[in-house]
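An overview of the molecular structure
Each chain, letter by letter, is given below.
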Amino acid sequence: MNWVQFPYIAYTAIILLVLSFSVFFLPISKKSKKILANIFALSNVAIFAYFIISLWINLDRPPLRTLGETRLWYAVFLPILGLITFNRWKYFWFLAYSNLMAILFIIINLTHPETYNKTLMPALQSPWFVPHVVVYLLSYAILRVSWLVAINGLLKSYSNKKGIVKVLSILLSPIYFLINLFSENDEKDNIKKILKMADNIVFIGFAFLTLGILFGALWAKEAWGSYWTWDPKETWALLTFLVYLIYIHLRSQHKNKTSLHLWVLTISFAFLLAAWFGVNYMPSAKNSVHTYSQEE
Amino acid sequence: MSFIVLYLQKKTVTQKKDKRRLFQFPWQYKEGFVISFILIILGLGFDFITKKPIHFPAFPTNLSLVITYTLLLIAIYKFEKNNKIVKWISGIPAAITATVLFTIVSAILGIVPQVEPGVILKDDILYDLGFKHLTTSWLIAFTYLFFVTSLGFATVKALIPFKKKKFGIFLSHLGLYIIFIAGIAGSSDAKRTYFYLENDAEPTNIVTDFYSPQKYETPFKLQLNKFDIIEYNPKIVLVNFSDNELITPNSSKHFIIKDSLSENFLDWTIKVEKFIKYSYPTDTSYSKFEETKSKGAIPAALVAIYDKQGNLINQEWITSGNFIFPRKNIAVNEKYYFAMLSPEPKEFSSDITAFLPDGTTENFILKVNKPKKLMGWDLYQTGYDERRGKWSSYSIIEAGYDPWLPAVFTGIFILIAGTFYLFWLGSRAIKEDDNNDNN
C-alpha cells in the first residue's frame, strides 16, 4: 500500500474513531460501552498499523521522515493511549480527546497529500532512529494531554471569578466542554482529583521524554561522534525536560498549592511546543540537524 | 487587571503571615531565588570583565576535582545532615530554584545563535556577556555549580538511609549527576578532529581540530583505499519554466526512476524506456549513452512523453549531469519541462587500512552510523567532496577521543533504569516522599 490508497484507510479510520467514543451516549450499561469502545478503537489501530507496515515495506525505510508520515503514527498511538488510560482510570473524555486528535491528524493528511519520497539520508539509517522518534512522539502526545487536564483544572478553579479569567474560559470552552461532556459526575468538580490525573499522565510522558533524549544522545554518538552538541533542538528538549522536572518536584512537596501547579503545568506545555516546532523559527536554529522539511 | 490585583492582595496576605526574614532559617524558595540572582550577576560580571571563553581544567586536575567534590558531598551529608544549609540544599526548594536557574540560562542558549568554538568576537555586547558562547561562560559555570550541588546532595539524601521505595529516585538522580559531572569534566579532555584522506595518498596520522587549525598526531596511521557511494536511483520531476518551481505529480508520488515505468503528471504521461545508472554520453548532443564503470559516470534515461490521447509528444535522453557533464532536460511545451535530479546518497563508505604502532595492519570499512573503535579513538565516516559525489577523490573521517565517555554512558544507562523504575511506580513514587522535610 502507499499514499494513493490512503483515503480509503483514512475514512474507515475516522468512522471507527467516531464510533468508539460515541458509544458513551448510548443508553447501555457501562460494561457494554467499554467493550464497544475498545472494539472500535482497536480495529482502527489494526488497520492503521497495517497501513504503516505496508507503507514501510513499500518505501524500504521507516515512514518517519516527513511530517505527514509522523502524523500517521499519531493516528495509531493516540487511540492506543486513549484506550490504556480509559481502561486503567476510566477517563472516557480522554478516549474522546485522543480519538478526536487522531481524526484531526488524519484529516490534515487527507487535505495535505504527502509527497511520496523513498529516500532516507544515510545518517537516519540507524537502529536508533525508530525508537528515538517514536518515544518522542509518544511523550509529546501524552504531555499535551496533561496540558488539557491542567487547563480544565484552571477553568474549574477560577470558574466563579470575573474579568480576564472569564474571557479565557470562553476561549478555552471547547476543551472544557469536551472533558466535562464525557466525564462521570464524581470526577468533575474536584481539583485534587484532576491534579492526580495530571500526575499520572505527566509521569508517563516525562519518562518517555527522558528516554527520547537519552536514545537521541546514544544515537548521536554513533552517527555524529558526540552525544550532546547543544543543537537547538537538543537544548529545547532539555528545557522541556527541566520544566516538567520543576512540576514533578513541586508536586512532591506542596500538595495544596493546586493553582500554582496547574499554572506550571500549563506553561510547561509552551516549552514543549517550542521544542516541537517553535525551534525551527528561532534565530539559533540555523545549523540544526533537526530542521525537517516536507520536501527536500 | 482585576486578576492581578487579586493576586497581589493574596500575596500581601501570605507575606504578612511569613514573618521570617531573608536568609533566616529554615531557608525556602526566596533564598534559592536570591542565590540564583547573585549567581547570574556574578556570572555576567565575570564574563564581561574577562570577555573570553573558559574551560574546565584538563586531566588530571578534572579527575581529582570531580572525585574530591563528590566525596565532599557525601562526607558533608553524612556528618552534617542536620545542618540547616545542608538540609536546604538537599531539599525541594533548592532543587526547584536551581532548576529554574538552569532553565533560564539554557533558554538563552536555545534562542541566541552560538559562535563556533574558538571564535572570539570583539565589541559585541552579547558575546561579552557570554550569551554567544554560553557553554564556555562563567554564567553557565555558576549555574552548573548550583544545579549539580543540589542534585548531588539530593542523590546522597535518596540513598541515606537506604529505603527500597526511594531506590528509583536515587537511580534517576545518580544517573543525572554522573552525566553532568562526567560531561562537564570530560569536555576539556575530549578531542573532535578529522582525517583528510586522499585517494592513493601515503598513510597519515595527522588530524586537524574541528574548531581550530591546531593539529594532533594519532598513535596509528590511516590510508584510504577506496571511497564509494551507493546511490538511490534519481528522481524525475516536472518543472515550470518561468520560476523553476516543481510540480507535484497527480498520484502524489515522487517519481523515482525504475526501468519501464510510467507516471502521470498533469495532462501528460512520462515513460522511462531505458535507464542506465552509470553511463557516458557517446556524443556531445547526448543522442546515445553507454554503460560504464569509469570515473565521472552519470545516470541517463531515455524517456518519452505522451499526451492524454496517447500521442507521443517528445522522446529524448535526459541526465542529471554532474561536475563533468552538463544536465539535460526534456521539454513538454513552452511552459513545462521534465528534469532528472542528482541521485541522493543511500550510503557512503571508505575502505581503509590502519597501520598500528606494533607494525600490524587492519582493514575496515567505515560507514555512516557504523563507527570504528581504534586505540581509544572513535572513527566516523563524515564527509566527501559533495560536488563530485560518488567520484570524490577524498574522504573525511572524524576522529573523536573522549576518555570520559564510559562514565557518561554509565550515567545514561543508570538514568534509563531509574526512568523505568519511576515509570513503573507512576505518581506513587512521589506520594509520601519529602513531605516532612521543609515547611
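It should be noted that the structure appears before, not after, this text.
Structural notes, computed from the coordinates.

A few words on the overall build of chain A. Counting its secondary structure elements, chain A contains 10 helices and 0 strands. Taken from N to C terminus, the helices and strands of chain A fall in the order α-α-α-α-α-α-α-α-α-α. Scored against the burial criterion, the 296 residues of chain A give a buried share of 62%. Considering only intrachain contacts with a sequence separation of at least 6, the fraction spanning at least 24 residues in chain A is 80%. With the model as given, the accessible surface of chain A reaches about 12,000 Å², and the carbon-plus-sulfur share is 70%.

Let us look at the packing of aromatic side chains. Two measures describe an aromatic ring pair: the distance that separates the ring centres and the angle between the ring planes. As enumerated under the stated definition, the model contains 42 aromatic pairs over all chains in all. Both rings, one in A:W73 and one in A:F77, keep their centres 6.0 Å apart while their planes meet at 35°; by these two values the pair is tilted. With A:W73 and A:F77 both in helix 3 (residues 67-89) and 4 residues apart, the pair spans about one turn of that helix. When its relative accessible area of 16% is taken as the criterion, A:F77 is described as buried. Measuring from ring centre to ring centre gives 6.5 Å for B:F409 and B:F413, while their planes differ by 80°; the resulting arrangement is edge-to-face.

One can describe the packing of helix 8 (residues 191-224) of chain A onto helix 9 (residues 405-425) of chain B by two numbers: an axis separation of 10 Å at closest approach and a directional angle of 160°. Comparing their axes, helix 9 of chain B and helix 8 of chain A come out roughly antiparallel. Taken as a pair, helix 8 of chain A and helix 9 of chain B cross one another with a handedness that is left-handed. Only B:L405, B:F409, B:I412, B:F413, B:L415, B:I416, B:T419, B:F420, B:L422 and B:F423 of helix 9 of chain B make contact with helix 8 of chain A, whose side of the interface consists of A:F203, A:I204, A:A207, A:F208, A:T210, A:L211, A:L214, A:F215, A:A217, A:L218 and A:K221. For the contact of helix 8 of chain A with helix 9 of chain B, a count of residues per class yields 18 nonpolar, 2 polar and 1 charged.

This part covers the packing of helix 2 (residues 29-50) of chain B against helix 7 (residues 138-159) of chain B. A pair of packed helices can be characterised by two numbers: the angle between their axes and the separation between those axes. All names here are of chain B. Following both chains from N to C, one finds helix 2 and helix 7 inclined at 150°, their axes separated by 7 Å at the closest point. Judged by the angle between their axes, helix 2 and helix 7 are roughly antiparallel. For the element pair helix 2 and helix 7, the recorded crossing hand is right-handed. Of the residues in helix 7, those in contact with G32, I35, S36, L39, I40, L42, G43, L44, F46, D47 and T50 of helix 2 are W138, L139, F142 and F146. Looking at side-chain class alone, the contact of helix 2 with helix 7 contains 10 nonpolar, 4 polar and 1 charged residues.

Residues and elements named next belong to chain B. Omega for the peptide link from F25 to P26 comes to -5°, which places this bond in the cis form. For P26, the location among the structural elements is in the loop between helix 1 (2-17) and helix 2. Along the chain, I160 connects to P161 via a cis peptide bond; the corresponding omega equals -10°. The phi dihedral of K51 falls on the positive side, at around 55°, and the residue is not glycine. Residue placement: K51 occurs in the loop between helix 2 and helix 3 (61-79). Taking the relative accessible area as the measure of exposure, K51 reaches 34% and is therefore partly exposed. At D200, a position not held by glycine, the phi torsion is positive, near 60°. Residue placement: D200 occurs in the loop between strand 1 (191-198) and strand 2 (204-209).

Below, the discussion takes up the sheet that holds strand 3 (residues 215-231) of chain B. Here 8 strands make up an open sheet; going across it, the order is 15-14-3-2-1-18-17-16 (chain B) and the pairing antiparallel. Two strands in the sheet have a free side with no partner beyond their single neighbour: strand 15 (361-367) and strand 16 (372-374) of chain B. Adjacent strand axes in the sheet meet at a mean angle of 40° when their direction is disregarded. Both strand 16 of chain B and strand 17 (residues 377-384) of chain B contribute to a ladder of 3 bridges, which runs antiparallel. Counterpart to B:K372 in the pairing with strand 17 of chain B is B:L379. The strands that helix 8 of chain A touches are strand 1, strand 17 and strand 18 (394-401) of chain B; relative to strand 17 of chain B, the one it contacts most, it runs at about 70°.

Looking now at the pairing of strand 4 (residues 235-240) of chain B. All names here are of chain B. Among the 6 residues that make up strand 4, 6 are buried, leaving the element largely enclosed by the rest of the structure. Burial along strand 4 is two-sided: the face carrying K235, V237 and V239 and the face carrying I236, L238 and N240 are both buried. Looking at chain direction, strand 4 and strand 6 (residues 255-256) are connected through 2 bridges and run antiparallel. Counted as the bridge partner of K235 is I256 from strand 6. In this sheet, strand 13 (residues 336-340) lies alongside strand 4 in antiparallel orientation, the contact comprising 5 bridges. Looking at strand 13, one finds that L238 is bridged to F338. Pairing of strand 4 with strand 5 (residues 246-247), which is carried by 2 bridges, proceeds in the antiparallel orientation. Bridge pairing links V239 to L246 in strand 5. Between strand 4 and the antiparallel strand that follows it, strand 5, lie 5 residues; N244 among them carries a positive phi value of about 60°.

This paragraph deals with the pairing of strand 14 (residues 345-355) of chain B. Residues and elements named next belong to chain B. Here 10 bridges tie strand 3 to strand 14, and the two strands are oriented antiparallel to one another. Of the residues in strand 14, the one forming a bridge with L224 is I352. For strand 14 and strand 15, the ladder comprises 7 bridges, and the chain directions are antiparallel. The partner of F355 across the bridge, within strand 15, is T361.

How each quantity is defined
Residues numbered from 1 in each chain as written. Chains lettered and ligands numbered in written order. Predicted model: local features only at pLDDT ≥ 70, side-chain atom pairs only at ≥ 80, totals over all residues. Heavy atoms only, no water. Helix = DSSP H or I, 4+ residues; strand = E, 2+ residues; numbered from the N terminus. Buried < 20%, exposed > 50% of the residue type's maximum accessible area, 1.4 Å probe, protein only. Contact = heavy atoms within 4.5 Å. Areas by Shrake-Rupley, 256 points an atom, 1.4 Å probe, with all protein chains shown as cover. Phe/Tyr/Trp six-rings, centres within 6.5 Å; stacked < 30°, edge-to-face > 60°. Axes fitted to C-alpha atoms, helices over the stretch in contact; angles between N-to-C directions. Parallel < 35°, antiparallel > 145°, perpendicular 65-115°, else oblique. Left-handed = near helix turned anticlockwise from the far one by under 90°. Nonpolar A, V, L, I, M, F, W, Y, C, P; charged D, E, K, R; others polar. Pairing = 2+ DSSP bridges.

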